[in-house]
Amino acid sequence: MDISFIFTLFEGLPRQGPGSDACTNRMFDLLSPPANARVLDIGCGVGMQTLAIARRCPGCRITALDIHQPFLDELTQKAGEEGVGDRITTCRASMDDLPFSPESFDLIWSEGSVFIMGFEKGLRYWKDFLKPGGSLALSEMVWFTDTPAREAAEFLQEQYPPMTTVRECERIIRDAGYAIIGSFRLSGDAWWNEFYEPLEAKMNSIGDQYADNPDATTILAMTRREIALFREYADQYGYQVFLLRKPA
């Protein structure tokens, strides 16, 4: 299946995954990075969280990385409009092939994107790019129960087979050599108000346009199924935020 339609689907949305400025600010405050921190935002999308970090930390310099150039172009435009463009540099690259020297960053950020390369692989690979004592802020899809509903379990096993529990994620984190500074569950508002409602509106607006495109209709049907399941089982799974520190 040609998945290029996914980029079309997410272009023009305020976010490419669940999140909120309130969540980003909470993550940043719990980690308390240096006032002049060098930050790498991996899988930044159009950069709502990038801009939130720039507002929260006027001394930070941020590199925003994504594979899709139109997302980066939109972020560059918004950063200029907000007057923070001089502190945000965009980089088109893959998260599993970072074009940076080891120990380049005080803080690595990844809201809702580590699943692309896998939680454990991301933890271990990105660690090399953190300075000693540096921090990693990321969110991962997890189960909040050991006995999920069958239809939710079957769908998510197909979509993201490595998905596991918070407890197992914490074990993976410690095995990768990080200390856990904080952890919390992403709120429902960050899913619905910030992500799913704009996404549903976009799907409704373009569905007819792609009715003869089998790959697009498959992706749209899968996304509608995803939203319906989350509406039914949001108490059983979602994103957990993890705030980590590399040993000094």
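This text goes with the structure placed above it.
This write-up is about the structure you can find in this document. (Residues numbered from 1 in each chain as written. Predicted model: local features only at pLDDT ≥ 70, side-chain atom pairs only at ≥ 80, totals over all residues. Heavy atoms only, no water.)

### Observations concerning the packing of aromatic side chains
Piece 1. Inspection of every chain in the model, using the stated rule, returns 16 aromatic pairs.
Piece 2. Look at W191 and Y196: their rings are 5.5 Å apart centre to centre, the planes differ by 45°, and that puts the pair in the tilted class.
Piece 3. The class for Y196 is buried, based on a relative accessible area of 1%.
Piece 4. Cluster of aromatic residues (ring-pair linked, three or more members): F10, W143, W191, W192, F195, Y196, F230, Y237 and Y239. (Phe/Tyr/Trp six-rings, centres within 6.5 Å; stacked < 30°, edge-to-face > 60°. Buried < 20%, exposed > 50% of the residue type's maximum accessible area, 1.4 Å probe, protein only.)

### Examining the pairing of strand β2 (residues 61-66)
Piece 1. Burial analysis of β2 places five of its six residues in the buried class, which makes it a mostly covered element.
Piece 2. Pairing analysis gives five bridges linking β2 to strand β3 (residues 88-92), with the strands arranged parallel. Bridging across to β3, I62 finds its partner in I88.
Piece 3. Each parallel crossover has a hand, and the one from β2 via helix α4 (residues 69-82) to β3 is right-handed. (Helix = DSSP H or I, 4+ residues; strand = E, 2+ residues; numbered from the N terminus. Pairing = 2+ DSSP bridges. Right-handed = clockwise from strand over helix to strand, strands pointing away.)

### Section: the pairing of strand β5 (residues 130-143)
Piece 1. Counting buried residues along β5, 11 of its 14 residues qualify, which places the element largely inside the surrounding structure.
Piece 2. Looking at chain direction, strand β4 (residues 105-110) and β5 are connected through five bridges and run parallel. Note on β5: the bridge partner recorded for I108 is L136.
Piece 3. Traced from β4 through helix α5 (residues 119-127) to β5, the parallel crossover comes out right-handed.

### Some points on the pattern of salt bridges
Piece 1. In the structure shown here, the tally under the stated rule is 14 salt bridges.
Piece 2. Between R55 and D21 there is a salt bridge whose closest N-O contact spans 3.0 Å. Residue R55 is found in helix α3 (residues 48-56), and its partner D21 is found in helix α2 (residues 21-31); the two are separated by 34 residues along the sequence.
Piece 3. Residue class for R55 comes out partly exposed when judged on its relative accessible area of 41%.
Piece 4. What makes D21 partly exposed here is its relative accessible area of 27%.
Piece 5. Linking E82 and R55 is a salt bridge whose minimum nitrogen-to-oxygen distance equals 2.8 Å. Of this pair, E82 sits in helix α4 while R55 sits in helix α3, and the two are 27 residues apart along the sequence. (Salt bridge = Lys/Arg side-chain N within 4 Å of Asp/Glu carboxyl O.)

### Digging into the state of the cysteines
Piece 1. For the structure on display, the rule yields one disulfide.
Piece 2. There is a disulfide in this structure between C57 and C60, and the S-S distance comes to 2.2 Å. Sign of the S-S torsion, about 80° for the bond between C57 and C60, identifies this disulfide as right-handed.
Piece 3. Judged by its relative accessible area of 5%, C57 is buried.
Piece 4. Unpaired in terms of disulfides, C23 finds its nearest cysteine sulfur in C169, a separation of 16 Å.
Piece 5. On the basis of relative accessibility, which here comes to 7%, the residue C23 falls in the buried class. (Disulfide = S-S within 2.5 Å.)

### Topic: the environment of D21
Piece 1. Remark: the alpha-carbon pair of D21 and E194, spanning 173 residues in sequence, is separated by 9.6 Å.
Piece 2. If near-sequence neighbours (up to four positions away) are discounted, D21 is found in contact with R15, M48, A52 and R55. (Contact = heavy atoms within 4.5 Å.)

### Observations regarding unusual backbone geometry
Piece 1. One non-glycine residue, S32, adopts positive backbone phi at about 50°.
Piece 2. Assignment of secondary structure puts S32 in the loop between α2 and β1 (38-42).
Piece 3. By relative accessible area, which is 55% here, S32 ends up exposed.
Piece 4. The backbone of E103 sits at a positive phi, close to 55°, despite the residue not being glycine.
Piece 5. E103 gets classed as partly exposed once you look at its relative accessible area, which sits at 43%.

### Observations regarding the packing of α5 against helix α7 (residues 166-175)
Describing two packed helices takes the angle between their axes plus the distance from one axis to the other.
Piece 1. Axis separation between α5 and α7 bottoms out at 10 Å; the angle between their running directions is 25°. With respect to each other, α5 and α7 are oriented roughly parallel. Along this stretch, α5 crosses α7, giving a crossing that reads as right-handed. Side by side, α5 and α7 meet where F119, E120, L123 and R124 of the first sit next to C169, I172, I173 and D175 of the second.
Piece 2. Counted by class, the contact of α5 with α7 contains five nonpolar, no polar and three charged residues. (Axes fitted to C-alpha atoms, helices over the stretch in contact; angles between N-to-C directions. Parallel < 35°, antiparallel > 145°, perpendicular 65-115°, else oblique. Left-handed = near helix turned anticlockwise from the far one by under 90°. Nonpolar A, V, L, I, M, F, W, Y, C, P; charged D, E, K, R; others polar.)

Geometric descriptors of this kind do not, in isolation, establish any biological role.
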